[in-house]
Every structure is written in structure tokens, then in C-alpha cells.
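This is what each chain is made of:
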Amino acid sequence: MRTVVKHVPSAFVAAGILLTAFQPSSVAAQASDELRTAVIDGSRAPVLPASITRDDRDRATVRAIKLNAPLVLDGKLDEAVYQDYQPFGDFVQVVPVAGNPSSERTDVWITYDENNIYLTCRCWDSSPPDEWVINEYRRDTDGIRNNDHFGVMFDTFYDRRNGLVFYANTLGARADYAVVDEGSPNKDWNPVWDAVGGQFEGGWVIEMAIPFKSLRYRSGADQMWGLQLRRSVIRNNEWTYLNPVPAFLSGPQGMNRISSGGTLVGLDLPAAGSNLELKPYAIGNLRTNRLTDPVVNNDVTGDVGVDLKYGITANLTADLTFNTDFAQVEIDEQQVNLTRFNLFFPEKREFFLEGRGVFDFGTGGSGGFRPGRSFGRGGGDRPTLFYSRRIGLDRGEVLPIDLGGRVTGKVGPFNVGLVNIQTGGIEPAGIESTNFSVVRLKRDILGRSSIGAMFTNRSVSVRGDGSNRVFGVDGSFGITQDLQAGAYWARTETPSLTGGNESYQMALSHTGDLYGGSVSHLKVGEDFNPEVGFVRRTDFVKNTGSLRFSPRPSGIEAIRKVTWEAGVEHFDDGVGLMQSRRQTARFDVEMENADRWSIEGIREFERIDDLFPISRDQNIPVGRYTFTSQRVSYTGGPQRWMSGNISYQWGDFYHGSLRSLSISRGRAVISNHLSLEPGVSYNLLDLPEGEETQAVFRLRSDYAFTPRMFASALFQYNEADRILSSNVRFRWEYAPGSELFVVWTDERDRRPQGTGLRTQGLAIKITRLLQY
């Protein structure tokens, strides 16, 4: 059977024009500019519009193909749909040359049936297979992003702000994340879906199947979604997209600019239903703890619990957790602290990670505004109003979470986030049972802007009798594609604190590809005390500014981009006296092969009003200090078998000197199954009181048996405290969304007068996902 396709004049498509004329995007409107007719066995019949059209901004409108039977994911592309329907492609680069066609051809089909939406790509590659960068088997790792891979973003409510991203490599390793208001991606969103890869003579293949039950969307006929597709050619340091993205979003982050997406039409979607999910668990523990009184030796315990997820509406989800357990969570990575301020440790517990983007406050969201950056130091100087590690963790104790609930999603133009959690107490430690509540509302305005409010409450304050409350409002304004503004104001109420209890910030940033800059003004009062949040330091006013010039020299073939950047941070205390100042100047070279070299000069001033310990045996005396240091660094491209960042800093440090060696994001690929990730933070302090070393050494090893089964081990040694810790985890997804975990932890004191074994534990946990 032969199918002949001919175009007919647009005068015959009035119905198609009326269908899309009132849609919010000109991309969708262009989809009905033409119909096609097909001659099959001599008879003429109308068929669907072209599979892809583009508007004057080169954004694509793609028509999905409806199937009568499910696809078989085998990486072979031998089903009839691949012969009956032409693929689409024509990807464009964001780097190395923004707007140029992709160096390699990519063929794509988007299909769906009653249960799944499928994405299939046939990625042609002119290089031999041994030059392809494909070496990651595990799910949800950055290693997949550093492989040759293919990905999709679906904006299922077509609001141009929020998206769901799925990507995979040809080994079948897959990753996913959610984006809220074009903000930081939530990589801990873990839906059920599948991906299978394959190879052919001339390239590689990926087939994805994403169940509609894993998504939130509007059901009904002729629905539209936002759409973006991404392909990487890592050996060339090349990133290509179906729809152009701004040049300053070079690399994978272009996928998060939801507003740059195209449109997917022709979706006749099944009823979303309630999407009820139950996930019960059972766990057994064997635990030793020699730090408690009385000492615990080989204590055997067991427990059960359940998580529930329910779709209140198509775009509003409720989560409930009963007797929550986090035994499968990896231990924290240790850090070296050479400041007098608090360290920030990221959240790793699954219940608190899913949907966390809704609770971001003062971070800008769709405007891309990121106030509070502290030139890479700590958790940033801008306070965090909701820091979920305050829940279930107190004074080094793990508290039971008896019952918890969360509602997240959208109601009309409002993003909504509600949390209420009850934790148990520990009477010997003087920790009371406590209720934590968080309310977050944010309204979409204009194209890429929003305004919002937030409220938090802790029923038992850690500073005395009564509760702790926080009220705040914030706004983010996307003025142009690369000009953003943002502001927030917040106030805390604590019974024992009645002084300066406010914090606010105003900021403006320009993030163009050639030029960039930012200014901000931040204040944190002396008694600003968000007890469900995180504050690095208080009682200061901070003014910052930065300028950047980053041309792409066309006359030097090996260099892709050079950057000159200068910045200053100036801190005054509450009475207007200078507290700190940090000035930086950096020169950075990005090579065509993705390697980076940089050199940086740093000049700092610190006023020390109270003696503070820099180590176990040494203190920084009261005084005023000005000191200068230099840093050089190299980052190896991800196509290398060993990649990561290594930096060396040397110079003055308060009234002495500092030499520091750091290795971060290191990864050595031993095979497609085995990788090693070293990390080092080595600091040699030479102070008048003596020489001292502060260091943390880290090694993570990962072995993937299959994309659904892997083992990992994290070994750490803190040289200052002489603490050696290990955490070995085995994870097997034995059925979609259902997992078995086996976790071993061990911590030892290596000091001559130390306790030896401190804590040790074995946990076996099994979960089962039930979908209705």
C-alpha cells in the first residue's frame, strides 16, 4: 500500500483555523494553516495537519499520533507507525553556535494510546559507536545528563511556567524532574515510566512510555501541551533543542525555560480520574548506638507505615504520610566550615522533596531571579523560610513523624502549597511533640512574573514558651528574557525576641549571553528567627553588585567562550558599621571540548567582635582583618573517562595563611556499570598559634546491575574530628514504583582516646506501589 500526500489551499481549512484561533499561542494557531489529503487505494480522504509547523520565532507545533494499540518498547522501531508516519526533527543548537542546525540528524515521533504517551527518537550519529559518550546505567543521576541522551519536557497545563522533564540514554538509564515557575528543578520527583534504548547502523534509538496515571493534565478532546525536546552530542559539547532557547542558557538548563517551548496538539486525553496511590512499607532494623545513655547494642526493631497520594483535581494533589520512615536516605556529605556561620545541608528525604518548588520563597521563580547568592559560600545569606530539615530532626536526634499531610498544585492562576506535620517528642532529651504548618500562595501575573505570600508556624518554639510564626510576601518579575527583578519582605514572631524581627531584599539581574550584571540590597534583623527555616547569619545589611563580560571569540578555534567577572559584597551591622566585605575578580575560559580553566582573586575584610573557634584547638581573636587570596581551577569535560573540578587556593587568612585543595563533582568511569566519585576538601591553616589541617575526604562508588537495580557506597573521613563513616545502599525497583532497600551504616571515632565504634545499623525496607 502506498500513501501519497498532497497539500490543498488554506481556504479549505476554515474549520481548523476557527478551532485554534482563540488559543493562547500563535504557535498553535499556525498548526491549522494547512490540511493534507491522502490518496489510499485510489480514494481521497482528509487526514490530520502536518506533523510539524513553525512560527516566525521558529517555535514548533507538533501533532501527536493516536494509536489503536500500545507500542512495544524494544529499541527496534519495527512497528507500522514508524513506516506510516514521517518523523519530525530539525533541531537547532544553543551551543556551540546558537541558532545553527544540529550537527546530527534527529527523527522524532510522539504517539499515544488510552494509557500512555510515547516518545520515540532515532538519533543519527556520524561518528563510530566507540566515540559516543554512553556510560551510565543508574536512574536519576547527573551522569545521564553528561551522556549522549534525549529528553522531553511536557507543559501539561499549557501555562508556559511549569513543566515535567524526562530524559534517557540508550542504555535505558532514565531521569526525571519537575520545574515550578521556571525555577530550580526538583530532581526528586519520581514518577512511574519506562525507557528502552537500542542501536542501528548509523546511530541510536530511545523509546519512552509515560503512563497518563503518572501525569496531571486536563482531559478531553483536542488538548494542547507545551513541548520541548533536547538532544546532547557530548563529544562536541553540543546541545540542541526542538525550539530555540536564549543563548545564555547554554547546556541542559535550556529545558527549564518552559516559556520557550513549542506546542503539542491533537491530544484526545482520557479522564484523569482520582489517581489514587497507596504506598505501604515494612522495615526491620538492627541498631547499635554507643553515644546514648544507656548504650544500645544490636537492638532489633520493626515497623510499618503508609504514604497516600490523591488527586483532588486535575492540578491539585494531596499527600498523606503515616508513621514515616527515612531509613533508605543516604547520609549527609560532611563539610569543612572555616567561617563563624551555620552550614547548610540539603534535604534528602523523599516526602519533603516532592513538590518543594512550590515552597520556594524570594527565589524568583519564573523571572529567574536568584537573590542571596553568596559567591558559592554556604547556603546563601538570604534566609530560607521553609527548611524542611527542621521537621523530624532536632539537636542531633531523629524524631518520629506520626502523621503528615501536604497539598500542592494550582487553583486557577494560584500556585498552592500547604503542609501540616506532627512530630513526636523525646522526653529524656527535653524535646516536645511539635506541630509544623506551612502555607504558600503564589499568583501568576503578566507573562513570566508572579507575586506571593507565605506563612509558617511551629507550635513549640525552641527559644522559649509559645509558638514561632513567620509572615512574608514576595514578587518576581521577568521584564525581558534576560532582565529580572525580585523582592521580598518577611517578619517573624517569637515570644522571647522583640527586636529587629524583619528581613527584606530587592534585586535586579541581567543574564545576557555577552553581558551580565546584578545588584541587590538585603537586610536581616538581629531577632529575625524563622524556626521552620534556615538563617546563616543575622543583624546585617548586605549590598552586592557584579558585572560580567563573556564574548565568544570566533578567531580562536579551541576556545568557545571567555568570561571576565567582578563582584563585591558589603556587609554592615545593625548600627551601620562595616562587618564584612568580599571583592572578587575572575577570568574563565571555556574550551570547545567542554574543559574549563579559571583564575580568581579574592580580597576580604572581617570584623571579629567575639572570639570564634576555627578548629578544635585554635580560635580567631577579636580584631579587624584584611586578607587576600588567589584561586585557580580546572573542570574536565564530561566526555572524559575522568571528569570533575579541581581547584587550589592560597594566600592570607585572617592573621595567618591558608592553602586549600578541593576536588568536587569528580567521576571516574570504570565501566558502563561501575563508577567512582572522589571528593576532597583539604585546608592547611598556618596561624600564629600553630599549623593545623582541616580536611574531609570522600569516595562514592556506584555499581548498576540494571537500570532498576544498583548498589552504592559512600565513605567519608573527617580529619579534624577523626571520624570515619560509611553508608552502603542497595536499591532494587522490583516493580514500577515498588522498591526494596538494604542499607548499612557505620561510624567510628579514630582518635587514640576515642570511643571506636560510635553507631552502626542495618535496615531492610520494602515498599509496594498500588495505583487505582
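Right above here is the structure, for reference.
Just so we're clear, the structure is a prediction, and the values are computed from it rather than from any experiment. (Residues numbered from 1 in each chain as written. Predicted model: local features only at pLDDT ≥ 70, side-chain atom pairs only at ≥ 80, totals over all residues. Heavy atoms only, no water.)

Here we come to the overall build of the protein chain. A count of helices and strands for the protein chain gives 5 helices and 46 strands. Here the C-alpha radius of gyration of the protein chain, 27 Å, is about what a compact globule of 772 residues would show, namely 28 Å. Expressed as a percentage of its 772 residues, the buried residues of the protein chain come to 53%. A separation threshold of at least 6 residues defines the contact pool for the protein chain, and within that pool the share at least 24 residues apart is 58%. Accessible surface, the protein chain as shown: approximately 33,500 Å² in total, 55% of it carbon and sulfur. In the protein chain, 84 side chains carry a positive charge and 94 a negative one; their mean positions are 2 Å apart. (Helix = DSSP H or I, 4+ residues; strand = E, 2+ residues; numbered from the N terminus. Rg over C-alpha atoms; globule rule 2.2 N^0.38 Å. Buried < 20%, exposed > 50% of the residue type's maximum accessible area, 1.4 Å probe, protein only. Contact = heavy atoms within 4.5 Å. Areas by Shrake-Rupley, 256 points an atom, 1.4 Å probe, with all protein chains shown as cover. Lys, Arg positive; Asp, Glu negative; His and termini not counted. Charge placed at Lys NZ, Arg CZ, Asp CG, Glu CD.)

Along the chain, Ser461 turns up in the loop between β26 (449-458) and β27 (468-478). Residue Ser461 is classed as buried on the basis of its relative accessible area of 6%. Engagement of the side chain of Ser461 in a polar contact is seen with the side chain of Glu531, the distance being 2.9 Å. Among all residues touching Ser461, those that are not within four sequence positions of it are Gly466, Ser467, Asn468, Thr494 and Glu531. (Polar contact = N/O pair within 3.5 Å; in protein donor to acceptor, adjacent residues only side chain to side chain.)

A few words on the environment of Asn298. With respect to the secondary-structure elements, Asn298 resides in strand β19 (residues 296-313). In this structure, the C-alpha to C-alpha distance between Asn298 and Phe715, residues 417 residues apart in sequence, is 22 Å. The contact partners of Asn298, leaving out residues within four places of it in the chain, are Leu286, Arg287 and Thr288.

What follows concerns the sheet that holds strand β9 (residues 116-124). The strand order across the open sheet formed by 5 strands is β6-β8-β9-β14-β13, and the pairing between neighbours is mixed. Two strands close off the open sheet at either side, each with one partner strand: β6 (65-66) and β13 (194-200). In this sheet, strand β14 (residues 203-211) lies alongside β9 in antiparallel orientation, the contact comprising 9 bridges. Looking at the pairing, Tyr118 lines up with Ala209 of β14. (Pairing = 2+ DSSP bridges.)

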